[in-house]
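# Structural overview for review
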Amino acid sequence: MSSDNAGSAIRIAAVADLHLRTAVAGRFRPAFLRLAEYADILLLAGDLTEGGTLRQADLLCAEIADLPVPVVGVLGNHDHDRRLGYRIATMLGGIGVHMLDGAAVTLPVRGTVVGIAGVQGGGGGFPGYPGTPDDGSLEHRARMRRGPVDAGRLHQALETLDCEIRVALTHFAPSLDTIVGEPPKIYPGLGCRELGDAVDAGGAVLAIHGHAHAGTEFGVTAGGVPVRNVAYPVLRREYAVYEVRAGGQVTVTP
């Protein structure tokens, strides 16, 4: 490490499920503009727009343009509602957001290199709550198949990182813990075990996701990696901040 500050806690702010639309435009920006006081990086864990329209994407860009910290994001299922996810990601990239889809980015923070790998993820289920990709609508079947596929992509992206701290960013959940509170019958559509396996195998020290609006903020993977559900309806605040050290210790900033 290259500075006297190396080894200090890295402050990661995160939120998901902003569902940007006219009714909530401007809600998040005042807090986002003050991020540098509390955080080093902002992670956005999908469902950034309400219904995937370009108008909503414009509102989203206005909400997060020119922030004082680097911003890294993944899309969620609702960002694809109009089949414009690629254009939304391109718009966000145009204002400097690092959008990830099976890729990773490294960011230097006070002498420590932080790596973030991201995918949207998908359903598939957890032990005791298995999913079946062959039932339901075409959209449901595609979503159920995507979970294990994106888990493989997440693992590969994590393994490409050369850094002191690895963070996994998804929209769908990698842990059963953080979807508790949702109806158990929909658990298979909220995430899958394979995403958690990828977090463990890829050496992440923290996993961030959204999607489960009625879920729980705190959980762990099967391998003990801290998982945080940062859906706005769960947090009930503009973002949460987690302090991470290279050794893997994660704490929560009030």
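Residues numbered from 1 in each chain as written. Predicted model: local features only at pLDDT ≥ 70, side-chain atom pairs only at ≥ 80, totals over all residues. Heavy atoms only, no water.

Identification of the protein chain as Metallophosphoesterase from Nocardia arthritidis is taken from an unreviewed UniProt entry.

Per the secondary structure count, the protein chain includes six helices and 14 strands. Taking 254 residues into account, the globule formula puts the C-alpha radius of gyration at 18 Å, and the protein chain, at 17 Å, falls close to it. Out of the 254 residues belonging to the protein chain, those deemed buried represent 51%. Long-range pairs, those at least 24 residues apart, make up 74% of the contacts in the protein chain between residues at least 6 apart in sequence. Accessible surface, the protein chain as shown: approximately 10500 Å² in total, 51% of it carbon and sulfur. Distance between charge centres in the protein chain, computed from 22 positive and 27 negative side chains, equals 5 Å. (Helix = DSSP H or I, 4+ residues; strand = E, 2+ residues; numbered from the N terminus. Rg over C-alpha atoms; globule rule 2.2 N^0.38 Å. Buried < 20%, exposed > 50% of the residue type's maximum accessible area, 1.4 Å probe, protein only. Contact = heavy atoms within 4.5 Å. Areas by Shrake-Rupley, 256 points an atom, 1.4 Å probe, with all protein chains shown as cover. Lys, Arg positive; Asp, Glu negative; His and termini not counted. Charge placed at Lys NZ, Arg CZ, Asp CG, Glu CD.)

On to the packing of helix 2 (residues 54-64) against helix 3 (residues 85-94). Contact pair helix 2 / helix 3: the axes reach a minimum separation of 10 Å and the direction vectors enclose 25°. The orientation of helix 2 relative to helix 3 falls into the category roughly parallel. Helix 2 and helix 3 meet at a crossing whose hand is right-handed. In this structure, helix 2 uses Leu54, Ala57, Asp58, Leu60, Cys61 and Ile64 to contact helix 3, whose residues at the interface are Arg87, Ile88, Met91 and Leu92. Among the residues making up the contact of helix 2 with helix 3, the classes are represented as eight nonpolar, no polar and two charged. (Axes fitted to C-alpha atoms, helices over the stretch in contact; angles between N-to-C directions. Parallel < 35°, antiparallel > 145°, perpendicular 65-115°, else oblique. Left-handed = near helix turned anticlockwise from the far one by under 90°. Nonpolar A, V, L, I, M, F, W, Y, C, P; charged D, E, K, R; others polar.)

Further remarks concern the layout of surface pockets. Roughly 380 Å³ of internal volume is contained in the largest pocket. Around the largest pocket, the lining comprises 13 residues; the ones closest to its centre are Asn77, His80, Glu139, Ala142 and Arg143. The class makeup of the residues in the lining of the largest pocket is three nonpolar, five polar and five charged. (1 Å grid on protein atoms, 1.4 Å probe; cavity = no way out; pocket = protein on both sides within 12 Å on 5 of 7 lines; lining within 4 Å. Points joined across faces, edges and corners; volume = space filled by probe spheres on them.)

Contact geometry for helix 4 (residues 138-159) and helix 5 (residues 193-201): axes closest at 8 Å, N-to-C directions at 10°. The orientation of helix 4 relative to helix 5 falls into the category roughly parallel. Contacts from Gly147, Pro148, Asp150, Ala151, Leu154, His155, Leu158 and Glu159 of helix 4 reach helix 5 at Glu194, Leu195, Ala198, Val199 and Ala201. Its residues assigned to classes, the contact of helix 4 with helix 5 comprises eight nonpolar, two polar and three charged.

Turning our eyes to something else, we now look at helix 5. Because each turn of an α-helix spans 3.6 residues, side chains separated by three or four positions end up pointing in the same direction. Within the span of helix 5, buried status applies to Leu195, Gly196, Ala198 and Val199. All buried residues of helix 5 project into a common sector of 155° when viewed along the axis, lining one side. Those residues of helix 5 that are buried are in contact with helix 4, strand 9 (165-169) and strand 10 (206-209). At the C-terminal side of helix 5, Gly203 shows a positive phi close to 75°. (Arc of directions from axis to C-beta.)

Bringing the packing of aromatic side chains into the picture now. Tallying each qualifying case throughout the model produces four aromatic pairs. Each member of the aromatic cluster is reached from another via a ring pair, and the members are Phe28, Phe32, Tyr232 and Tyr239. (Phe/Tyr/Trp six-rings, centres within 6.5 Å; stacked < 30°, edge-to-face > 60°.)

Bridge analysis of strand 5 (residues 103-109) against strand 6 (residues 112-118) gives seven bridges, and the strand direction is antiparallel. When the sheet's bridge partners are listed, Ala104 is paired in strand 6 with Ala117. Where strand 5 folds back on strand 6, the antiparallel hairpin that results is connected by two residues, among which Arg110 adopts a positive phi of roughly 50°. (Pairing = 2+ DSSP bridges.)

Now for unusual backbone geometry. One can expect most non-glycine residues to show negative phi and most peptide bonds to be in trans. The phi angle at Asp17 is positive, at roughly 60°, despite the residue not being glycine. Considering the arrangement of structural elements, one finds Asp17 in the loop between strand 1 (10-15) and helix 1 (29-33). Located in the positive-phi region is Asp66, a residue other than glycine, with phi close to 55°.

Let us now look at the sheet that holds strand 6. The six strands are arranged 5-6-9-10-12-11 in an open sheet whose pairing can be described as mixed. Among the strands making up the open sheet, the edge pair consists of strand 5 and strand 11 (218-220). Looking at each pair of strands side by side, their axes are set apart by 25° on average, direction ignored. By the bridge criterion, three bridges tie strand 9 to strand 10 in an arrangement that is parallel. Note on strand 10: the bridge partner recorded for Ala168 is Ala207. In the packing of helix 4 onto the sheet, the strands contacted are strand 5, strand 6 and strand 9, and the crossing angle to strand 9 comes to about 160°.

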